[in-house]
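Coordinate analysis (summary)
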Amino acid sequence: MTKLTLERYQIWFYLLALISGGVWGWQNAERAQGLEMLINLVLGVLLYTTFCQVPLTQLREVFRSRRFMLALIAANFVLVPGVVWFLTHLLLSDPKLQFGVLLVLLVPCTDWFLTFTYLGKGNLNLAIAATPVLLLLQSLLLPVYLSLFTGSLIRSAIHPADFLDTFVKLILLPMGLAALTETWAKRHAVGQRWLRLAGWLPIPLLTLVLWLIAASQVGSLEWAEIRSLGPVILIFVVYLILAGYFAVGLARWLQLERTASRTLAFSIGTRNSFVVLPFALALSEDWSVVVTIVVIQPLIELAGMMVYLWWVPARLFRSRSQEELFNPRG
């Protein structure tokens, strides 16, 4: 078992966790209610280990490729929010469903974005250098987007003090500890070994989080809510298709080279659903469908990334040898 093998088969771990957790929670409804208090604890550790994979102490590296960064920021923080707002208001009428979709699609991914960039023949070094900027910008802009797009809805669903408490405990604190860990690893061999060990933990911890969520939340789901998720799933699929073509347009406009263009495609295509999970869990019980949306989206996204691994390097941004194969001269 290698780390890459673990990453390639992660979707099966997640599906197994959701199914087994849901079945256990359905059969043990009273005991399952006590599991919810464990979610934030495990989630905090998960986010810490995830942030440990992001080079928070190497922010200067990213500004060496200005055109790529321009494309990355314009796509993720200008183009995508507008498109997501349009899709949610076009296909959804339920404010709770709209809020759930906005929550998971507004900000870019900072973890398996790296994995799929590598597997999809993108520029991994560029992706690694860009992740701190993506992480910091989304932490600042997500509350702004939610307030702008939902207005009084978010204020009625969650108290600002609860939102701030969640943000500090489950975003800023793990991020700060990860930055200290990276600084420690630069100076001490023990820190380097710990950082390597932490690299193995996000997938097992995420599997545990999914099991806990499925077990604790399955009893609160209503059949009417589950049936209403069809348009939500459609939005996730449509978004994945549009994201690829957005990357093509931006890459041509800014004349990015192929590997940078592929990296841009995987950044636009992957969303940061589990970083926003704490905010979904902070909502009141009658908003439980938002948690369901946060859990469903990455499963659809992972299936979409399996297609992206072929579509992006073989069709959207082919290498010269592939272009000659599809368009032979003479």
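Residues numbered from 1 in each chain as written. Predicted model: local features only at pLDDT ≥ 70, side-chain atom pairs only at ≥ 80, totals over all residues. Heavy atoms only, no water.

Threshold: UniProt positions are given in the numbering used here, feature names are shortened, and annotations may be inferred rather than shown by experiment.
The protein chain is annotated in an unreviewed UniProt entry as Arsenic resistance protein from Thermoleptolyngbya oregonensis NK1-22. Under the UniProt heading Sequence similarities (unreviewed entry), the entry covering the protein chain gives this text: "Belongs to the arsenical resistance-3 (ACR3) (TC 2.A.59) family."

1. Thoughts on the overall build of the protein chain
Rules: Numbering of helices and strands runs from the N terminus, with a helix taken as a DSSP run of H or I at least four residues long and a strand as a DSSP run of E at least two residues long. Whether a residue is buried, partly exposed or exposed follows from its accessible area with a 1.4 Å probe, protein chains only, as a fraction of its type maximum: under 20%, in between, or over 50%, in that order. Pairs of residues are marked as contacts when any of their non-hydrogen atoms sit within 4.5 Å. We get accessible surface area from the Shrake-Rupley algorithm with a probe of 1.4 Å; when it comes to residues, only the shown protein chains can shield them.
In terms of regular secondary structure, the protein chain is built from 18 helices and zero strands. Counting across all 330 residues of the protein chain, residues that qualify as buried make up 53%. Here the contacts in the protein chain between residues at least 6 apart in sequence split such that 85% fall between residues at least 24 apart. Looking at the protein chain as shown, the accessible area adds up to about 15900 Å², and 64% of this sits on carbon and sulfur atoms.

2. Some points on the nonpolar core
Note on soluble globular proteins: their nonpolar side chains tend to be buried together. Here is the rule we go by: To qualify as a nonpolar core, a set must consist of buried Ala, Val, Leu, Ile, Met, Phe, Trp, Tyr and Cys residues joined through side-chain atoms within 4.5 Å.
In terms of nonpolar packing, the biggest core is built from 108 residues, with F68, L264, I268, L277 and V290 touching the most fellow members. Per-element accounting of this core gives the leading share, 14 residues, to helix α17 (residues 288-316). Filtering out sequence-adjacent residues up to four positions away, I268 remains in contact with A75, N76, V80, Y239, A243, F246, A247 and L250.

3. Details of helix α15 (residues 258-269)
We count it as follows: Any helix carries an expected span of 1.5 Å times its number of residues minus one.
The end-to-end C-alpha distance of α15, which contains 12 residues, comes to 17 Å, matching closely the 16 Å that a straight helix rising 1.5 Å per residue would cover. Taken as a whole, α15 has its buried residues at A260, S261, R262, T263, L264, A265, F266, S267, I268 and G269.

4. Structural notes on the packing of aromatic side chains
What counts is decided by this rule: Classification of ring pairs uses Phe, Tyr and Trp, with its six-membered ring standing for Trp, and accepts pairs whose centres are within 6.5 Å; under 30 degrees between planes counts as stacked, over 60 as edge-to-face, and the remaining range as tilted.
One pass over the full model with this rule turns up seven aromatic pairs. Taken together, the ring pairs in this structure connect Y245, F266, Y308 and W311 into an aromatic cluster.

5. Regarding the environment of S319
Among the secondary structure elements, S319 is positioned in the loop between α17 and α18 (320-326). Overall, the relative accessible area of 23% leaves S319 in the partly exposed class. A sequence separation of 61 residues divides S319 from R258, and the C-alpha atoms of the two residues are 7.3 Å apart. Excluding anything up to four places from it in sequence, S319 contacts R258, R262 and P313.

6. Some words on the packing of helix α7 (residues 112-119) against α15
Packed helices, taken two at a time, are described by their axes: the angle between them and the distance between them. Just so we agree on the cut-off: Between N-to-C directions, angles cover 0 to 180 degrees, with each direction set by a line fitted to C-alpha atoms, over the stretch in contact for helices. Crossing chirality is assigned from the near helix's rotation relative to the far helix, an anticlockwise turn below a right angle marking it left-handed and a clockwise turn marking it right-handed. Gly is placed with the polar residues, together with every amino acid not listed as nonpolar (Ala, Val, Leu, Ile, Met, Phe, Trp, Tyr, Cys and Pro) or charged (Asp, Glu, Lys and Arg).
Orientation of α7 relative to α15, taken along the N-to-C sense of each, is 145°, at an axis distance of 9 Å. The two elements α7 and α15 cross, and the hand of that crossing is right-handed. Taken together, the residues of α15 that come into contact with α7 (itself represented by F113, F116 and T117) are T263, F266 and S267. Residue composition of the contact of α7 with α15, by class: three nonpolar, three polar and no charged.

7. Examining the side chain of T207
Quick note on the threshold: Here a polar contact is taken to be a pair of N or O atoms separated by no more than 3.5 Å, where protein atoms must pair a possible hydrogen donor with a possible acceptor and residues adjacent in sequence count only if both atoms sit in side chains.
In this structure, T207 sits in helix α12 (residues 202-217). Looking at T207, its side chain comes within polar contact range of the main-chain oxygen of I203, at 2.8 Å. Apart from residues lying up to four places away in sequence, T207 is in contact with F13, Y14 and A17.

8. What about a nonpolar patch on the surface?
Let me state the cut-off plainly: Like-charged residues within 9 Å of one another, or nonpolar side chains (Val, Leu, Ile, Met, Phe, Trp, Tyr) within 5 Å, are grouped into patches, provided each residue has over 30% relative accessible area and no salt bridge. Only one rule defines a salt bridge in this text: a Lys or Arg side-chain nitrogen within 4 Å of an Asp or Glu carboxyl oxygen.
Among the surface-exposed residues, W85, F86, L90, L91 and L234 lie close enough to one another that they form a single nonpolar patch of about 480 Å² accessible area. At four residues, helix α5 (residues 66-91) tops the list of elements feeding residues into the nonpolar patch. Position of L90 relative to the elements: it lies in helix α5.

9. So, the packing of α7 against helix α8 (residues 124-150)
We count it as follows: Angle categories are assigned with fixed cut-offs, so that under 35 degrees is roughly parallel, over 145 is roughly antiparallel, 65 to 115 is roughly perpendicular, and the rest are oblique.
At their nearest, the axes of α7 and α8 sit 9 Å apart, and the two run at 160° to each other. Looking at the two axes, α7 sits roughly antiparallel to α8. Crossing hand, α7 versus α8: right-handed. Two secondary-structure elements touch here, α7 through F113, L114, T117 and Y118 and α8 through L124, A127, I128, T131 and L134. Of the residues belonging to the contact of α7 with α8, the class tally is seven nonpolar, two polar and no charged.

10. Concerning unusual backbone geometry
For K121, which is not glycine, the phi dihedral falls at a positive 65°. Position of K121 relative to the elements: it lies in the loop between α7 and α8. With a phi angle near 55°, Q255 is a residue other than glycine that sits in the positive phi range. Position of Q255 relative to the elements: it lies in the loop between α14 (230-254) and α15.

11. Notes on the confidence of the model for the protein chain
As a reminder, the rule being used: Predictor confidence is given residue by residue as pLDDT, running from a minimum of 0 to a maximum of 100.
Mean pLDDT over the protein chain stands at 85; residues scoring 70 or higher make up 89%. Low pLDDT, under 50, characterises residues 323-330; the predicted model gives this stretch six contacts beyond four residues in sequence or across chains.

12. Regarding the environment of G199
By the secondary structure assignment, G199 is in the loop between α11 (189-198) and α12. Here G199 falls in the buried class, since its relative accessible area comes to 11%. Here the alpha-carbon distance between G199 and C52, two residues 147 residues apart in the chain, equals 7.5 Å. Not counting residues up to four positions away in its chain, the partners in contact with G199 are K3 and Q53.

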